[in-house]
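# Breakdown of the fold
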Amino acid sequence: MDKKLRFNSATIHGGQEHDKAYGSVMPPIYQTSTYAQTTPGGHKGYEYSRTHNPTRTALERSIASIENAKHGLAFASGMAAMDTVIKLFQPGDEIISTHDLYGGSYRLLTQIYKKYGLKIHFVNMEKPETLVQYFNDKTRLIWIETPTNPMMNIVDIRTIAELGKAHDTLVAVDNTFASPYLQKPLDLGADIVMHSATKYLAGHSDTVLGLIVVSDDELQEKLAFIQNSSGAVPGPMDCFLTLRGIKTLHLRMQRHCENSAAVAIFLQQHPKIKKVYWPGLVDHPNHELAKNQMKAFGGMLSFVPKSGDLKTSIAIVEKLKIFTLAESLGGVESLAGHPASMTHASIPKAVREKSGVGDQLIRLSVGVEDILDLIEDLDQAIA
Ligand SMILES: *Cc1c(COP(=O)(O)O)cnc(C)c1O
């Protein structure tokens, strides 16, 4: 299919070809490690499944299509995808990163890569112009996450991408929270997009998988070399499940956004709730930027109860019945989490509190259930 498809068609058909063998409509799961050759080197484009696998190729083409990218690369997890990006760099190189980023990303940068001699500056990116002081001739990468997790701050991708260009520095965006339904960072000037496809892209809490997209051929070659050399690749079954998830991404995201809007308004008006963090609220500090940068405001939100102690927040998450208390996000089912003791436990308390992640904060991944059931559930848990 050569025609450039609109997003809601690209999720289903983008980069896909009908199966040549039997015309199967869904891509076959090529559960194989190797491929027969007729003569040494005489193969049909596939030699060994760490390097390539046809089911993985279908997924890599799909994500490239929906992110408006030239190339896609699939990995065993979101962290394996990020790890591959960071392996582009050498001891002495410097990275500028958002300070309130996913706990696992913070852990990878600080506990794995610091000891290999990378220097990482964790900064507040709300005012992009303040980044200028961190650039020097060793700066190689700006790592953005937006909306940030779990505070739902919005980072201005376009302005930071311009800064990156001016300083000959790559700009990578962890697009997990938004998904390409809400924002396409390459269109805004970024060089690399990374996904934990475990979340919205696969969308059903049944797969762990990571993705990267780029449009630069040289960058693609370098990343594919690391992908093959380090070998953190996903199996064909997980690629198939993620592809299947992507086919309904636009439908699910639309409902995630509608439901989270209703939950945000319900919580904001609730007398026992002190603060709601959701970029769609007009009093959110980055609301205007979110309106500009994103198609809608996403399915993730955080809130703080008025009685600001740890016990109240723990009691609320324990009392929820439809929201499941669990790590992760982006599945069809609603989840609740307590970042300080769950997703963000790997970040030191002082660092975490500096970015607003206090012991009282509750994070919700609003699913696609009936909104009235979700609101009734929150109402009984908060009461
Ligand atoms: C979950 C997550 C990751 C890590 O992805 P895995 O698939 O769990 O390895 C990275 N960034 C964000 C924003 C996430 O939510």
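What this report covers is the structure whose coordinates are included nearby. (Residues numbered from 1 in each chain as written. Predicted model: local features only at pLDDT ≥ 70, side-chain atom pairs only at ≥ 80, totals over all residues. Heavy atoms only, no water.)

## With respect to the site of the ligand
- In the region of the ligand, 14 residues are neighbours, and Gly78, Asp174, Ser196, Thr198 and Lys199 sit closest.
- In the environment of the ligand, an oxygen atom lies 2.8 Å from a nitrogen or oxygen atom belonging to the side chain of lysine 199.
- Compared with its free state, where it exposes 380 Å², the ligand has 92% of that area covered by protein.
- At the level of secondary structure, the elements contributing two or more residues to the shell around the ligand comprise helix H3 (78–86) and strand S6 (192–196).
- The residue inventory of the shell around the ligand, partitioned by class, reads six nonpolar, five polar and three charged. (Near = heavy atom within 4 Å. Polar contact = N/O pair within 3.5 Å; in protein donor to acceptor, adjacent residues only side chain to side chain. Areas by Shrake-Rupley, 256 points an atom, 1.4 Å probe, with all protein chains shown as cover. Helix = DSSP H or I, 4+ residues; strand = E, 2+ residues; numbered from the N terminus. Nonpolar A, V, L, I, M, F, W, Y, C, P; charged D, E, K, R; others polar.)

## Some thoughts on the sheet that holds strand S9 (residues 300–305)
- What the five strands build is an open sheet, ordered S8-S9-S12-S11-S10; its pairing is mixed. Strands with a single pairing partner mark the edges of an open sheet, and in this sheet they are strand S8 (273–277) and strand S10 (324–325).
- For S9 and strand S12 (residues 362–365), the ladder comprises four bridges, and the chain directions are antiparallel. Following the sheet pairing, leucine 301 is matched in S12 by leucine 364.
- Across the sheet, helix H9 (residues 249–269) lies against S8, S9 and S12, angled at about 10 degrees from S9, the strand it touches most. (Pairing = 2+ DSSP bridges. Contact = heavy atoms within 4.5 Å. Axes fitted to C-alpha atoms, helices over the stretch in contact; angles between N-to-C directions.)

## Quick word on the layout of surface pockets
- Of the voids in this model, the largest pocket is the one considered here, and its volume is about 640 Å³.
- Along the walls of the largest pocket sit 19 residues, with Glu17, Lys20, Tyr30, Tyr46 and Pro54 positioned nearest its centre.
- Here the lining of the largest pocket is composed, by residue class, of nine nonpolar, five polar and five charged.
- A volume near 550 Å³ is recorded for the second largest pocket.
- What lines the second largest pocket is a set of 31 residues, among which Glu60, Arg61, Ala64, Lys70 and Gly72 lie closest to the centre.
- Among the elements of the structure, helix H2 (54–66), strand S1 (71–75) and helix H7 (217–230) are those that each provide at least two residues to the lining of the second largest pocket.
- Classifying every residue of the lining of the second largest pocket gives nine nonpolar, 13 polar and nine charged. (1 Å grid on protein atoms, 1.4 Å probe; cavity = no way out; pocket = protein on both sides within 12 Å on 5 of 7 lines; lining within 4 Å. Points joined across faces, edges and corners; volume = space filled by probe spheres on them.)

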